[in-house]
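# Structural features, examined
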Amino acid sequence: MSADPTRTRVHDGEVDASPPPGRGEEQVRVAGGRVMLALSLLIGWFLLYLLVLSSFEQNHAQNVLYGELRTQLAEGTAPTGAPVRAGAPVALLDIPSLDVESLVVVEGTRSRQLQDGPGHRAGTVLPGQEGVSVVAGRSTSYGKPFADLPDIVRGARVVVTTAQGEFEYLVTGTRFDGDPMPAPPGEGAGRLTLVTSTGTGSWLSRLQPSRTVYVDAELRSGAAAAGPRSAPDPEPTLLASHVDRLSLAELALALQVLLGALAGFVWAWNRWSRKAAWIAGAPVVVAALWLVSSIGARLLPALI
Amino acid sequence: MSARRRAERILFALAFVLGGLAVVLPGGQAPAGAAEGVTKSVTAVRTFIDADGKETEQSRDKVKLRVSQTTNLRGRQEIKVSWEGAHPTGAVAADPSSSDARNQEYPFVLLQCRGVDTDSVAPKGQVKLSPETCWTQTAPERYLAAASNTPSWRFDAWAQAKDRQAVVGPPADLPAACSSVSRLTTERWLPFKAAGGTTYYGGPDPGTGCMPLPPESDDAESGGLPSNTTYGITGKDGKGSVDFAVWTKAENASLGCSAKVACSLVAVPVVGISCDAWGTTLPEGTQLTTKAGVPLTESQVETGDATCRRTGSYEAGEPAASRTSDQAVRGNLWWSASNWRNRITVPLEFAQTAEVCPVESAEKPLELMGSVMLNELTASWRPKFCTTSSLYSFTHVQQAESLARSLVQSGEIKGAFSTAPQPGGYQRPVAQAPIAFSGFAIAFSIDDGDKQRREELNLNARLVAKLLSASYPAVSFVRNGHPGLGDNPLNITLDPEFRALNPGIDERSTLQAGAALQIFSSNSDLVWALTRWLDADPEARAWLDGTPDPWGMKVNPAYKGLELPVDNWPLLDDYVAPQWYIDDNACYRKSPTPYLQLVANPLSGLGAIGLNLQFASSAAATVCRYDGYDATTLPLRTEGRQSVGYRFVLGLVSLPAARRYNLRTAALQSTSTVATGQQFGDAAGRTFVEPDTTGLKAAAGLLAADDDAGTWVLDDAELATAKGRAAYPGAMPVYAVFPTSGEEKATATKLAKFLCYAGGAGQVPGQANGSLPAGYLPLTDDNGFATQHAYLANAVNAVRAQEGAVPALEVSGKAPTLEKACDFSTAAAPVVEPAGQPGGGSVVPPAPVAVDPAPVAEKPVVVAVVPTTEAPLSLTSGEQSSLGRVGLPTLLLLAVASAVAGSVLRWLELLQGLLVSARSSVRGARGSGGRRRAS
């Protein structure tokens, strides 16, 4: 650094063989650039997964669940009350004004269950039964089944099909935090409360599901008798992250798979042919990444 | 080395700043636009293109527009629009919203248009905004024709080829009527697409059926509204401002704006046509032709080019004279692509109206009646009530308070809104709960001597008494012939008293609108409060009793000693015009009525007065016109709209209506220290109070409990004290008169809920539905309504219990709270009644004088009334998630930021190289000049 470039000096001591001072910094910079790019790619993938790819996942889950529920409805074995296994299909939901068609409602409102479709809240009666039934659904990811729910108009039809028949509800209003709750339904009346998250204000609001919105719909007539209810979910919040041990364990395993896939890819890249590494390795890596994302997304709030 | 390090640091810092912004921005954006209005700007450029394609810039204006309110708008509401940086206007017209103003040079055109301004397809259920969805009122604004082949609009460089033809936009089938109308060489049709789907073409002569205009195009004379299209005048400093009345579909169904149908305010700064006479911007092979298809000759093009390049034949600010203005910069070309592309579109959001309330429902809406003072309030509360599930639907029948009071008394309606006390008290136990505090206002639309709109006016009670009592003769034959008005000035502008208090207004001897105050013919507490003020004012009372004013003006003998207050101003003068006038005036001859009654011409309702004041229409019905009317009937017509610069109308309105329609309101005199009988030349010694929050708040301090009335009344005697001096004399409290016996449980609960709302959420000022509109003083403890608040809680209990209790005006000891009284999950608490009258029965008979007394008469004696309870009102406990709010946008920004930072770090050399080469190429290119248009 102290060397004056305008004058040549003769070294009389040992020659300095270390790399020129700019070089190391250069490498750090390039490496830093790569890390930043990799980070950007990773975040980009996660966003892509959440906003686009997860919808395919729900679509697939819905197809499977629809088949299952259809069979159960035909056989009369669809659930009419507790106990219902978490994640099992319980009802079919139609909201014509929002273009929601034959959506399978599953049991439970954890993030994991809402990845498959709207979830029936444990502890409330099943849709169509006497009392209040709560169904929650995502607004931003995984097919965003309830994305348009905040725009629903009073009087819109909501049709639910369960083992007990088809039930038609009419929307009576939309509630946010602090709005008065409607009085509990009287004898023989049924109410369906649909829950999702929504943003406020700005044009970015679609990407900012920051508060819950409740849509109440009253059963037109003919509530079915309430079946036994399951115990309420010990963690009732829908817009908070739940970190449970099972998900963490699964995530750890999935990350191991991803690491393995990446290691294999790198090995093939260096030792085998690069083209072959692309063809054979890339799908494996993407699949592993998908798995990690899917499990990682379970740590996010359920309504997002 | 250090430079590179710095670059890295800057990049990292940028990434952090951007990330930080993402966290902060979304939270702060939402409420900003709501209250503050909207500011937008545009750079408007006019260019000329020569035959060889060379382009020269003629002008460049950076225009900034500000709109005061764009959300929660209501019909006919006026919003303030101001702009700066626009080209100064020439050939200035007197009235910028008249059709003639379209011929101004460089006006700043403001239009209300339906639709969403977008480059792509409009969202579902909306239309795309275009000049064809913008409202203009008259045919010449929708149809332009020229006798030449080369009007400027054909040379518009920005217009598409099809819009530069000789005839543009004619209807597919011209009606037969058009064949009789002469058609010019070039035509430009600008059809209006109405909300219903009909297209109105306008055209050369809509009167003969070629072709019709929308029905709302009728002028104010035939009941329509004047145009709101404004050819705004920009001053020499580039600034201008105007009040723009926005219309909902109630005012203009063809335009059809509502809470559901998107509309915008579109501002088009007219900068003139960007000329391209030689068609260099047209597609290859296209030529400008005549109507017959013959290409324009070179000389035609050159003449047209010269016309198109004109920049105005008037100086900036010069009033319009007989010579024509330059076509290329005229306001009527606002739709031309050169002007339209510079438009600033401000979306308008209209408040939901009571239209959302179901017309038919199982439950009949609660019918409340009375006070026109509450029109604005119930317009805001009704949509809120019927869309809130814990509330209900109600209607407000705007009828005379006196009628409403007697109907409540007889049990025919469930509740009344009233200000004045019921004479002799109610023959039925009622609670009279204060729900609003506002006042009457004397609104005016007056132009000063310098033709500018006047913003301030001082009126004392005597001047108002003079206007009301037909003491200004208005015309000379009345003054000469009338037995009692011989010495009086013809109208208020000639009255020395008015001139002393309001210097700067021209004297006008032919102003019939200045001889009377516009007032309505039906009974109203608004008139009651006004006449109460006249009665309490020593000068006005003495004058009405016959003492002449210091200049010798005397009261019309017909009104001498008139008993006040009244809730309906009587028309007492019976002087009929002399025979020569009857012979002269064919309309008057049909029905010779007392002339000054025609000048006063009381209107049917508050709405009509508001409309007249907003658009400066005189109500004096003394005009005889033969046009268009059957000669056998020949009715007398009102004078109608006054021309801008010469406006003078005065009218009695409610304060909230004045605020909504942006009417100027007069300051009223609270007290005077000037010796009676002494002439004066200025306002010294007199206190005039504006009807603003301060004036109303001071007036609230004068409310005194009146046990006979059962309410608080304004103590007029206090106006003369130091405390009362600042009080607005027109202040009026409004009471909800609700029965406390004989109503069913369900009705009683509804009435109680109304009071609960009125005492809580309904007193929060705001523009949104459900809040308190402008013009009302919130009934809060801070504004001095603590006693009234306690009464309200007491009243809620009384109304809920329906046991015939009459709440006490003053609650001694522990006052009940509204929160507790409005908790419908518990039974109503006992009512605090006036001391010494346990049960309230000794003063007021508990049984109502009802038409059907059988079921209700026994009610108060029933010992155990089932307490009216409801399920506890619990509130939704929604969840909030800050992760949800910032998570995705932050991730998105982070991804972008790290991608940018990463690529810069990774390929820094490459970028530097590129930058250096780009810089050198720019340097090389400069000088060889010539920029081509991108389009």
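Residues numbered from 1 in each chain as written. Chains lettered and ligands numbered in written order. Predicted model: local features only at pLDDT ≥ 70, side-chain atom pairs only at ≥ 80, totals over all residues. Heavy atoms only, no water.

Along its length, chain A carries four helices and eight strands. Element order for chain A, N to C, with α for helix and β for strand: α-β-β-α-β-β-β-β-β-β-α-α. Summarising the internal contacts of chain A: among those between residues at least 6 apart in sequence, 65% fall at separations of at least 24. Total accessible area computed for chain A in this model is approximately 15600 Å², and 60% of it derives from carbon and sulfur atoms. (Helix = DSSP H or I, 4+ residues; strand = E, 2+ residues; numbered from the N terminus. Contact = heavy atoms within 4.5 Å. Areas by Shrake-Rupley, 256 points an atom, 1.4 Å probe, with all protein chains shown as cover.)

Quick look at the packing of aromatic side chains now. The description of an aromatic ring pair rests on the distance of the ring centres and on the angle between the ring planes. Residue and element names in this part refer to chain B. Summed over the entire model, instances satisfying the criterion amount to 34 aromatic pairs over all chains. Ring plane angle 75° and centroid distance 5.1 Å describe the contact between W551 and F680, whose orientation is recorded as edge-to-face. In this pair, W551 sits in the loop between α10 (538–544) and α11 (579–584) while F680 sits in the loop between β23 (667–672) and β24 (686–689), placing the two residues 129 residues apart along the sequence. W551 sits in the partly exposed class, given a relative accessible area of 25%. One aromatic cluster is present, built from ring pairs that chain together W381, F385, Y392, F394, F417, F738, F754 and Y757. Above the face of the Y314 ring, R323 is positioned so that its terminal group lies 4.0 Å from the ring centre. (Phe/Tyr/Trp six-rings, centres within 6.5 Å; stacked < 30°, edge-to-face > 60°. Buried < 20%, exposed > 50% of the residue type's maximum accessible area, 1.4 Å probe, protein only. Lys NZ or Arg CZ within 6 Å of the ring centre and 35° of its normal.)

Right, let's get into the pairing of strand β1 (residues 89–95) of chain A. All names here are of chain A. Most of β1 sits out of view: seven of its seven residues are buried. Pairing geometry for β1 and strand β2 (residues 100–107), over five bridges, is antiparallel. Across the sheet, I95 pairs through a bridge with V100, a residue of β2. Note that β1 and strand β5 (residues 157–162) share three bridges and pair antiparallel. Bridged to L93 within β5 is V160. (Pairing = 2+ DSSP bridges.)

All names here are of chain B. One open sheet holds the four strands; their spatial order is β10-β4-β12-β13, and the pairing between them is antiparallel. Of all strands in the sheet, those bounded by a partner on one side alone are β10 (230–232) and β13 (344–348). When strand polarity is set aside, the average angle formed by the axes of neighbouring strands in this sheet is 25°. Here strand β4 (residues 108–114) pairs with strand β12 (residues 263–269) via seven bridges, running antiparallel. Each residue of the ladder has a partner; that of V109, found in β12, is V268. (Axes fitted to C-alpha atoms, helices over the stretch in contact; angles between N-to-C directions.)

Here the focus is the interface of chain A and chain B. The interface is formed by 48 residues belonging to chain A together with 41 residues belonging to chain B. Note on chain A versus chain B: buried area summed over both sides is about 3600 Å², and carbon and sulfur give 62% of it. When the buried surface of chain A facing chain B is broken down by residue, R29(A), M36(A) and L47(A) rank first, second and third, together holding 18% of it. Our enumeration of links across chain A and chain B arrives at one salt bridge. (Buried area = accessible area lost by both parts, 1.4 Å probe. Salt bridge = Lys/Arg side-chain N within 4 Å of Asp/Glu carboxyl O.)

All names here are of chain A. What the rule picks out here adds up to 37 salt bridges over all chains. Note that R112 is salt-bridged to E250, the shortest N-O span being 3.4 Å. On the criterion of sequence distance, the pair formed by R112 in helix α2 (residues 111–114) and E250 in helix α3 (residues 245–271) is long-range, its members being 138 residues apart. The partly exposed category is assigned to R112, whose relative accessible area is 24%.

Further remarks concern the confidence of the model for chain B. Should pLDDT be low for a region, the predicted coordinates there are not to be read in detail. Residue and element names in this part refer to chain B. Overall, the prediction assigns chain B a mean pLDDT of 85, with 89% of residues at 70 or greater. Residue range residues 19–35 is modelled with pLDDT below 50. Its contacts to residues more than four positions away, or to other chains, number 14 contacts. In the predicted structure, residues 929–935 sits below a pLDDT of 50 and forms nine contacts with residues beyond four places in sequence or in another chain. (pLDDT = per-residue confidence, 0-100.)

The subject of this paragraph is the layout of surface pockets. Residue and element names in this part refer to chain B. In this structure, the second largest pocket occupies an estimated 1000 Å³ of space. Residue lining of the second largest pocket: 41 residues in total, with A94, P96, V242, V644 and R647 positioned closest to the centre. Within the residue set of the lining of the second largest pocket, elements represented by two or more residues are β3 (78–84), β10, β11 (240–245) and α14 (606–614). No other element matches β11, which puts six residues into the lining of the second largest pocket. Here the residues of the lining of the second largest pocket sort into 17 nonpolar, 13 polar and eleven charged. Each of domain 2 (37–126 + 153–162 + 226–348) and domain 3 (440–655 + 666–679) accounts for three or more of the residues forming the lining of the second largest pocket. (1 Å grid on protein atoms, 1.4 Å probe; cavity = no way out; pocket = protein on both sides within 12 Å on 5 of 7 lines; lining within 4 Å. Points joined across faces, edges and corners; volume = space filled by probe spheres on them. Nonpolar A, V, L, I, M, F, W, Y, C, P; charged D, E, K, R; others polar. Domains from an automatic or database assignment.)

All names here are of chain A. Taken together, the side chains of L48, V52 and F56 define a hydrophobic patch exposed on the protein surface, amounting to about 270 Å² of accessible area. Positionally, L48 belongs in helix α1 (residues 21–75). Exposure remark for L48: the relative accessible area of 40% places this residue in the partly exposed category. (Patch = residues over 30% accessible without salt bridge, like charges linked within 9 Å, V, L, I, M, F, W, Y side chains within 5 Å.)

Residues and elements named next belong to chain B. Counting through the fold element by element, T378 comes out in helix α4 (residues 375–387). A relative accessible area of 3% means that T378 is categorised as buried. Leave out the neighbours within four places in its chain, and T378 touches P383, F394, H396 and F417.

This part takes up the sheet that holds β24(B). All names here are of chain B. Pairing is mixed across the open sheet formed by three strands, whose spatial order is β18-β23-β24. Every interior strand has two partners, whereas the edge strands, β18 (458–459) and β24, have only one. Sheet topology places β23 next to β24; four bridges connect them, and they run antiparallel. Bridging from a neighbouring strand, T671 pairs with T687 of β24.

We now examine the environment of T671(B). Residues and elements named next belong to chain B. Counting through the fold element by element, T671 comes out in strand β23. Its relative accessible area of 9% is what places T671 among the buried residues. Discounting residues that sit within four places of it in the chain, T671 has contacts with G685, R686, T687, L719, A720 and R725.

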